[in-house]
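Descriptive structure summary
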There are 2 protein chains.
Amino acid sequence: MSQTAPEAASARVAAVLRAEILDGSIAPGARIRQEEVAERLGASRLPVREALRMLNAEGLLVVEPNRGARVPDLDRREVEVLYRMRERLEPLALVESLPHLDDATLARIIDLQKQIEQIDDIRDFLALDREFHLATYSACHIDHLQATVARLWNATQHYRRAFMELAGPQRRWVVNAEHNLLIDALQRRDPVDAERYLVGHIRRTRRELIAHPELFPDNE
Amino acid sequence: MSQTAPEAASARVAAVLRAEILDGSIAPGARIRQEEVAERLGASRLPVREALRMLNAEGLLVVEPNRGARVPDLDRREVEVLYRMRERLEPLALVESLPHLDDATLARIIDLQKQIEQIDDIRDFLALDREFHLATYSACHIDHLQATVARLWNATQHYRRAFMELAGPQRRWVVNAEHNLLIDALQRRDPVDAERYLVGHIRRTRRELIAHPELFPDNE
DNA sequence: TCTCTTGAAAATGGATCCATCTTCTGAGAA
DNA sequence: TTCTCAGAAGATGGATCCATTTTCAAGAGA
C-alpha cells in the first residue's frame with residue numbers, strides 16, 4: 001500500500017478541528033456547525049459528530065443537546081481555578097513520571113527547550129512549550145492523569161495565546177530560566193526540586209495571566 | 001403533554017449504561033457491543049455510539065478505533081494515583097465551593113449523612129456517599145473542576161464497591177466520624193478544617209483500599 | 001499435537017435520507 | 001417604536017443500508 005496510515009475519518013476530522021481550536025482559528029464562543037465542517041473536510045456529518053464528541057472529551061468544546069457544539073469562553077475565575085488545578089495535578093504527574101523517564105525522552109526534552117529559546121512565533125512557542133511539559137509527564141503511564149492534564153492545557157490554550165500576544169517576549173527569559181532549572185532537577189532525578197520549580201513556573205504564569213482582566217469576557 | 005421529559009435517545013441510553021457500569025452490572029474488562037445495547041434498549045446503533053462517546057468523556061469506558069468500547073480495569077498503581085489525584089483536587093473544589101454553599105444545600109448534605117448512617121446495602125451506601133461528597137463541591141460552579149472530580153469517582157467506583165464487599169461494615173463508623181467532622185467544619189465555614197478532614201478521609205480510604213491486592217488484576 | 005493459514009461471521013465505521021427542534025425573520029398590534 | 005407571535009429556514013438527532021475491519025474457528029501442513 002502506498003498509504004502509510006488508513007486512519008478513520010472521524011479521527012482525521014478531529015485532528016483538523018483540534019488544531020484549529022488550539023491555534024485560535026476557531027475562537028472561544030464560536031459555534032461549530034456540523035454541515036459546514038463536513039463539507040469543508042469532505043466527509044459526511046456522521047464522522048463530524050463523532051469528532052465533536054471526541055473533542056468534547058478532550059475539553060476543547062462543549063456539546064449542548066439540540067444546540068450543537070461550541071468552544072466555551074471562560075471568565076477570569078474559571079481560568080484561575082484551572083491553573084490552580086494544574087498546580088496541584090502536574091507535580092503529581094511529574095513525580096510519578098520521573099522514575100520512569102528514560103534518556104531518550106530526557107534528551108528530547110532538552111532539545112525542545114533549545115528550540116523554545118530560539119523560536120519567535122507565538123504559535124510555535126505555545127506548541128513547543130506544551131510538548132515540553134507533556135513530555136516530562138509522558139513516563140507516568142497513567143492514562144487518566146495524562147488525559148486530565150492535557151484537558152487543562154486544552155481549555156486554557158486560548159488565554160495563554162492571548163496573553164502572549166499582549167505581553168510580548170520580554171518575559172521569555174523567565175520561562176527559559178524556569179525550564180532549565182526544571183531540566184536540571186530532572187537530570188539529577190530530584191523529585192523535590194523538580195516539583196518546586198514546576199509549581200513555581202505554573203504559579204507565576206497564573207499570576208501574570210490573571211493580572212490582565214481585558215483577556216476575559218464580562219468583567220464587572 | 002403527558003410526558004414530563006422528551007429526552008434524547010442518546011441521553012437515555014447513556015443514563016442506562018452509566019447506571020449499569022456504576023452499580024457493577026457491567027464489570028471492568030467487559031466489552032460493550034453496540035448492537036446488543038441497541039436491541040436491548042430499543043434504539044438504533046447510532047444513539048448508542050453517541051452514548052458511548054459521552055460515557056468515554058465521563059471516564060466510564062474507553063473507546064478503541066475499530067475495536068469498540070470496554071470498561072477499563074485498572075491495576076493497583078493506577079487506582080492509587082487516581083486517589084492521589086482526588087486528594088489534591090477535591091480540597092480545591094471544596095474550598096472554592098464553601099463560600100457559595102447555601103443553607104438549602106448544607107441541609108441536604110446533613111440529611112444525606114443521616115441516610116448514610118442508616119443504610120445497610122452497599123450499592124445504596126456508595127450512591128449516597130458519592131452524592132454527599134459531590135454536593136459539597138456543587139457550589140464551586142467550575143464545570144471543568146466538577147467534571148474532573150466526577151470522572152475520578154466514576155473510574156474508581158468499581159474498586160470501592162469491591163472493597164466494601166470484602167471489608168464489610170465494621171469500618172463504617174470511621175466514615176461517619178469523618179463525614180460529621182467535615183459537616184461541622186462546613187457549618188462553621190472553616191476552609192482549613194474542612195480541607196483537613198477531607199484530605200484525611202480520602203487518604204485513609206486510599207490506604208485501606210490499596211491494602212487489598214486481591215482487588216486488582218495481575219499483581220505479581 | 002501444535003502452529004500457521006485462510007475464510008466466514010460478526011462488529012465497528014460511514015453515507016444518505018427523514019424527523020424534530022431551534023432560531024431567525026417579518027408582519028401585525030399596542 | 002417596540003413587543004409579540006407565527007411561519008419558514010436551518011441545524012441537530014435518529015434510522016437504515018453498505019463498506020471495512022476485526023475476530024474466531026476450522027482445516028491443512030509440519
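Residues numbered from 1 in each chain as written. Chains lettered and ligands numbered in written order. Predicted model: local features only at pLDDT ≥ 70, side-chain atom pairs only at ≥ 80, totals over all residues. Heavy atoms only, no water.

**Structural notes on the sheet that holds strand E2 (residues 62-64) of chain A**
Residue and element names in this part refer to chain A. Taking strand neighbours across the sheet as the criterion, the 3 strands line up as E1-E3-E2 in an open arrangement whose pairing is antiparallel. Strands with a single pairing partner mark the edges of an open sheet, and in this sheet they are strand E1 (31-32) and E2. As paired strands, E1 and strand E3 (residues 68-70) are joined by 2 bridges and run antiparallel to one another. Looking across to E3, one finds that Ile32 is bridged to Ala69. The strands that helix H3 (residues 45-57) touches are E1, E2 and E3; relative to E2, the one it contacts most, it runs at about 125°. (Pairing = 2+ DSSP bridges. Helix = DSSP H or I, 4+ residues; strand = E, 2+ residues; numbered from the N terminus. Contact = heavy atoms within 4.5 Å. Axes fitted to C-alpha atoms, helices over the stretch in contact; angles between N-to-C directions.)

**Here's the deal with the sheet that holds strand E2 (residues 62-64) of chain B**
Residue and element names in this part refer to chain B. The strand order across the open sheet formed by 3 strands is E1-E3-E2, and the pairing between neighbours is antiparallel. In this open sheet, the two edge strands, each paired with only one partner strand, are strand E1 (31-32) and E2. Along the sheet, helix H3 (residues 45-57) makes contact with E1, E2 and strand E3 (68-70), crossing E2 at roughly 125°.

**Let's talk about the protein's contact with DNA strand D**
Around DNA strand D sit 16 residues, and of these A:Arg45, A:Arg49, B:Ala9, B:Ser44 and B:Arg67 come closest. Each atom of DNA strand D within 4 Å of the protein belongs either to a base or to sugar and phosphate, the latter forming 65%. A:Gln34 has a polar backbone atom sitting 3.2 Å from a phosphate oxygen of DNA strand D. In the model, a phosphate oxygen of DNA strand D is placed 2.7 Å from a nitrogen or oxygen of the B:Ala9 main chain. In terms of residue class, the surface near DNA strand D is made up of 6 nonpolar, 6 polar and 4 charged. (Near = heavy atom within 4 Å. Polar contact = N/O pair within 3.5 Å; in protein donor to acceptor, adjacent residues only side chain to side chain. Nonpolar A, V, L, I, M, F, W, Y, C, P; charged D, E, K, R; others polar.)

**Description of the packing of helix H5 (residues 103-118) of chain A against helix H6 (residues 122-137) of chain A**
The geometry of a pair of packed helices is captured by two quantities: the angle between their axes and the separation between those axes. Residue and element names in this part refer to chain A. For the pair H5 and H6, interaxial distance at closest approach is 9 Å and the crossing angle is 160°. One way to sum up the angle between H5 and H6 is to call them roughly antiparallel. Relative to H6, the crossing made by H5 is left-handed. Between H5 and H6, the contacting residues are Thr105, Arg108, Ile109, Leu112, Gln113, Gln115 and Ile116 on the first element and Phe125, Leu128, Asp129, Glu131, Phe132, Ala135 and Thr136 on the second. (Parallel < 35°, antiparallel > 145°, perpendicular 65-115°, else oblique. Left-handed = near helix turned anticlockwise from the far one by under 90°.)

**Re the domain arrangement of chain A**
Residues and elements named next belong to chain A. As assigned here, chain A comprises domain 1 (9-70) and domain 2 (76-215). One C-alpha centre belongs to domain 1, the other to domain 2, and the line joining them spans 26 Å. Counting from both sides, the interface comprises 9 residues of domain 1 and, opposite them, 9 residues of domain 2. Carbon and sulfur atoms supply 51% of the area buried between domain 1 and domain 2, which totals about 700 Å² over both sides. For domain 1, the biggest contributors to the area lost against domain 2 are Leu22, Asp23 and Pro28; these three give 56% of the whole. Scanning the region where domain 1 abuts domain 2 turns up 0 salt bridges. At the junction of domain 1 and domain 2, the tally comes to 5 residue pairs in polar contact (both at pLDDT 80 or more). Across the side of domain 1 that touches domain 2, the residue classes break down as 5 nonpolar, 2 polar and 2 charged. (Domains from an automatic or database assignment. Buried area = accessible area lost by both parts, 1.4 Å probe. Salt bridge = Lys/Arg side-chain N within 4 Å of Asp/Glu carboxyl O.)

**A closer look at the packing of helix H4 (residues 76-97) of chain A against helix H4 (residues 76-97) of chain B**
Two numbers describe how H4(A) lies on H4(B): the axes approach to 11 Å, and their chain directions differ by 155°. Viewed along their axes, H4(A) and H4(B) adopt a mutual orientation that is roughly antiparallel. When the axes of H4(A) and H4(B) are compared, the crossing they make is right-handed. Judged by residue contacts, A:Arg77, A:Val81, A:Arg84, A:Met85, A:Arg88, A:Leu89, A:Pro91, A:Leu92 and A:Glu96 of H4(A) engage B:Arg77, B:Val81, B:Arg84, B:Met85, B:Arg88, B:Leu89, B:Pro91, B:Leu92 and B:Glu96 from H4(B). For the contact of H4(A) with H4(B), a count of residues per class yields 10 nonpolar, no polar and 8 charged.

**What to know about the nonpolar core**
For soluble globular proteins, nonpolar side chains are generally found buried alongside one another. Grouped together as the largest cluster of nonpolar side chains are 96 residues, with contacts concentrated most on A:Leu145, A:Leu186, B:Leu145 and B:Leu186. Sequence-distant contacts of A:Leu186, defined by excluding residues within four places in its chain, comprise A:Leu94, A:Leu98, A:Leu101, A:Leu106, A:Ile109, A:Thr136 and A:Ala194. (Core = buried A, V, L, I, M, F, W, Y, C linked by side-chain atoms within 4.5 Å. Buried < 20%, exposed > 50% of the residue type's maximum accessible area, 1.4 Å probe, protein only.)

**Topic: the protein's contact with DNA strand C**
DNA strand C sits among 17 residues. The nearest are A:Ala9, A:Ser44, A:Arg67, B:Arg45 and B:Asn66. Each atom of DNA strand C within 4 Å of the protein was classed as base or backbone; sugar and phosphate made up 68%. A distance of 3.0 Å separates a phosphate oxygen of DNA strand C from a polar side-chain atom of A:Ser44. When residues of the surface near DNA strand C are traced back to their parent elements, those giving at least two are helix H1 (9-22) and H3 of chain A together with helix H2 (34-41) and H3 of chain B. Looking at side-chain class alone, the surface near DNA strand C contains 6 nonpolar, 6 polar and 5 charged residues.

**Focus: the relation of the copies chain A and chain B**
When chain A is brought onto chain B, the operation consists of a screw motion whose angular component is 180° and whose axial shift is 0.0 Å, with 0.0 Å RMSD remaining. Within this description, the copies of the chain are treated as partners about a two-fold rotation axis. Considering only C-alpha atoms, the part of chain A nearest the rotation axis is A:Ala57, at 2.1 Å. (Least-squares fit on C-alpha atoms with pLDDT ≥ 70 in both.)

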